[in-house]
Amino acid sequence: QLAGNDYLEAAKHRPATENDEKYMTMKVGWYRDAIAAESPGNPYWNTEQQLQFRAMPENTKIPLLFVGAFFEPFFMAQHDTWDRLATKQESVFVIGPWNHLGLTSGDVDLSLAPGRLDQWPIMLEWFDHTLKGKPLITLTKGTVRTWAIGDDKWVNHRAWPEPQIPVQLFKLGGATKAQSCSGGVLGAPSMDTTDQGVTYTFDPANPVPTQGGASLLSFAFFRNLGITPGPVEQGKTCERDDVITFRSEEFPNGSRLSGAGKLVLNVRSSAPDTAFVARLIAEQNGKSVLVRENAATLRWPRAGMTEPTALPEPGTVQTVEIDFWPIEWVLPAGGRWRIDVTSSSFPALNTHSNRATPWQTETGADKAEQTVVLDGSSLTLPLQ
């Protein structure tokens, strides 16, 4: 229990550079070096050793079996490795609705899904094939095999996410209702938003609590904290003043999300730098459960950047792009897709200070007025 409490205290302590001495009684060089190297372009991440390590997928000579999990903190690193794997056509990638421990968890009925020891037959089949020359039975080389949340079977994909899945565009609207659980609108592209804005106050001293998702590893070490990964019910989070909500129309026949969604937000803030956090939520069977969560900051407004952008003057409209990790999810008939936008998710994400100084050395934090400008803000989802 004490270790769990220390974890939470360390997660919110400022400055982060002191956490080694404060919670591990000594300075830890590799920890300080790593968190000081904020930019992917930093020399720390571009030594010969680091470059050789990153090039391993392209240099792999043997076929591999990957066993991944949709609610696993390392899922995207594994997915990137698969995409670059030289032996992909002789290998297999299996992705289940599991968390880091290979278990199902959360508030969606996954009783039909494989879990616990079900990964072992997959591995034994692969070992029988690669080590003993036996034919594969359930696995197919060169495929990604997924068990979607809400599905009742494995599906093989020659490429995943499948490139032919149509992308549906939703515009953000309904500024007034966005600040209540009834929600604003995720609507058709023709919807008129007329530059409406939705404003809320972000107080780093009172962050929105994390409720599920894939960015959690602490649940495996600190059971006393009651942290649950996966598709967790969002409860009354939408009632908070610092959370704004947008909901689609019902899908009378349901829909299937297969791939990665993207939320594009036009925003402005009273702070020189700040964060915007988005949650993709499925409203289904009387529950509102988390599908994916991610974030962007004014300094790092989109994925794939190697160096931070120059910060505009506070109050300037800026575009941030929040990419959700790909997933396979079956929304049942009558379900809706929902987006919650806020500026924090503790402890999964470091709570932003609303200051422009490096996060790891910042000692304090300020409140900020955040505005999401609806004109030009949109959500795209690959739906079947």
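Quick note: structure is the one above.
It should be emphasised that the depicted structure is a prediction, and the values quoted were computed from it without experimental measurement.

Caption draft 1: Broad picture of the packing of aromatic side chains. Under the criterion given, the structure shown has 12 aromatic pairs. Judged by centre distance (6.5 Å) and plane angle (90°), the rings of Trp-30 and Tyr-31 are edge-to-face. Overall, Tyr-31 belongs to the buried group, its relative accessible area being 16%. Through successive ring pairs, a cluster of aromatic residues spans Phe-70, Phe-75, Trp-160 and Trp-325.

Caption draft 2: Broad picture of helix 7 (residues 119-132). Helix length check: helix 7, at 14 residues, gives a terminal C-alpha distance of 19 Å against a target of 20 Å (1.5 Å per residue), a fit within 8%. The complete set of buried residues in helix 7 reads Gln-119, Ile-122, Glu-125, Trp-126 and His-129. Along helix 7, the residues classed as buried sweep out an arc of 130° about the axis, all on the same side. Seen from the open side of helix 7, the exposed residues pointing more than 90 degrees away from its buried face are Leu-131 and Lys-132. Contacts made by the buried residues of helix 7 are with strand 1 (65-71), strand 2 (92-99) and strand 3 (143-146). Looking at the residues trailing helix 7, positive phi occurs at Gly-133, about 80°.

Caption draft 3: Focus on the sheet that holds strand 4 (residues 155-157). Pairing is mixed in the open sheet, where 4 strands are placed in the order 1-2-3-4. Since the sheet does not close on itself, it has two edges, and those belong to strand 1 and strand 4, each with one partner. For this sheet, the mean inter-axis angle between neighbouring strands, taken without regard to orientation, is 25°. The strands touched by helix 7 are strand 1, strand 2 and strand 3; relative to strand 1, the strand with the most contacts, the crossing angle is about 160°.

Caption draft 4: Spatial organisation of the nonpolar core. Ranked by size, the top nonpolar core spans 54 residues in total, and within it Leu-257, Leu-263, Leu-265, Trp-329 and Trp-337 carry the most contacts. In this view, Leu-257 contacts Leu-280, Val-291, Ile-327, Glu-328, Trp-329, Trp-337, Leu-381, Pro-382 and Leu-383; residues no more than four positions away in its chain are not counted. Leu-65, Ile-122, Trp-126 and Leu-139 belong to the second largest nonpolar core, which has 6 residues in total.

Caption draft 5: Broad picture of helix 6 (residues 75-84). Taken together, the buried positions of helix 6 are Phe-75, Gln-78, His-79 and Trp-82. Looking down the long axis of helix 6, one finds its buried residues gathered within 100° of arc, a one-sided arrangement. Where helix 6 is buried, its residues touch strand 1, strand 2, strand 3 and strand 12 (287-297).

Caption draft 6: Just the pattern of salt bridges, in detail. Scanning all chains against the criterion turns up 21 salt bridges. Between Glu-9 and Lys-12 there is a salt bridge, with its nearest N and O atoms 3.5 Å apart. Taken together, the residues span about one helical turn, with Glu-9 and Lys-12 both in helix 1 (residues 2-12) at a distance of 3 residues. The partner of Glu-328 in a salt bridge is Arg-256, and the shortest N-O contact between them spans 2.9 Å. Remark: Arg-256 occurs in strand 9 (residues 255-259) and Glu-328 occurs in strand 14 (residues 327-331); sequence separation between them is 72 residues.

Caption draft 7: Representation of a nonpolar patch on the surface. A contiguous nonpolar patch, built from Trp-120, Leu-124, Phe-127 and Leu-131 and spanning about 470 Å² of accessible area, is present on the exposed surface. You can see Phe-127 is positioned in helix 7. The class for Phe-127 is partly exposed, based on a relative accessible area of 40%.

Caption draft 8: Summary view of unusual backbone geometry. Of note, the bond from Arg-14 into Pro-15 is cis; its omega dihedral lies within 30 degrees of zero at 0°. Checked against the element boundaries, Pro-15 lands in the loop between helix 1 and helix 2 (19-24). The linkage connecting Trp-160 with the following residue, Pro-161, adopts the cis geometry, with an omega of -5°. Within the secondary structure, Pro-161 sits in the loop between strand 4 and strand 5 (167-173). The backbone phi angle of Thr-25 is positive, close to 65°, even though this residue is not glycine. Here Thr-25 shows up in the loop between helix 2 and helix 3 (29-36). What makes Thr-25 exposed here is its relative accessible area of 69%. The phi angle at Asn-285 is positive, at roughly 50°, despite the residue not being glycine. Summarising the element assignment, Asn-285 is placed in the loop between strand 11 (275-284) and strand 12.

Conventions and cut-offs
- Residues numbered from 1 in each chain as written.
- Predicted model: local features only at pLDDT ≥ 70, side-chain atom pairs only at ≥ 80, totals over all residues.
- Heavy atoms only, no water.
- Phe/Tyr/Trp six-rings, centres within 6.5 Å; stacked < 30°, edge-to-face > 60°.
- Buried < 20%, exposed > 50% of the residue type's maximum accessible area, 1.4 Å probe, protein only.
- Helix = DSSP H or I, 4+ residues; strand = E, 2+ residues; numbered from the N terminus.
- Expected span 1.5 Å × (residues − 1).
- Arc of directions from axis to C-beta.
- Contact = heavy atoms within 4.5 Å.
- Pairing = 2+ DSSP bridges.
- Axes fitted to C-alpha atoms, helices over the stretch in contact; angles between N-to-C directions.
- Core = buried A, V, L, I, M, F, W, Y, C linked by side-chain atoms within 4.5 Å.
- Salt bridge = Lys/Arg side-chain N within 4 Å of Asp/Glu carboxyl O.
- Patch = residues over 30% accessible without salt bridge, like charges linked within 9 Å, V, L, I, M, F, W, Y side chains within 5 Å.
- Areas by Shrake-Rupley, 256 points an atom, 1.4 Å probe, with all protein chains shown as cover.

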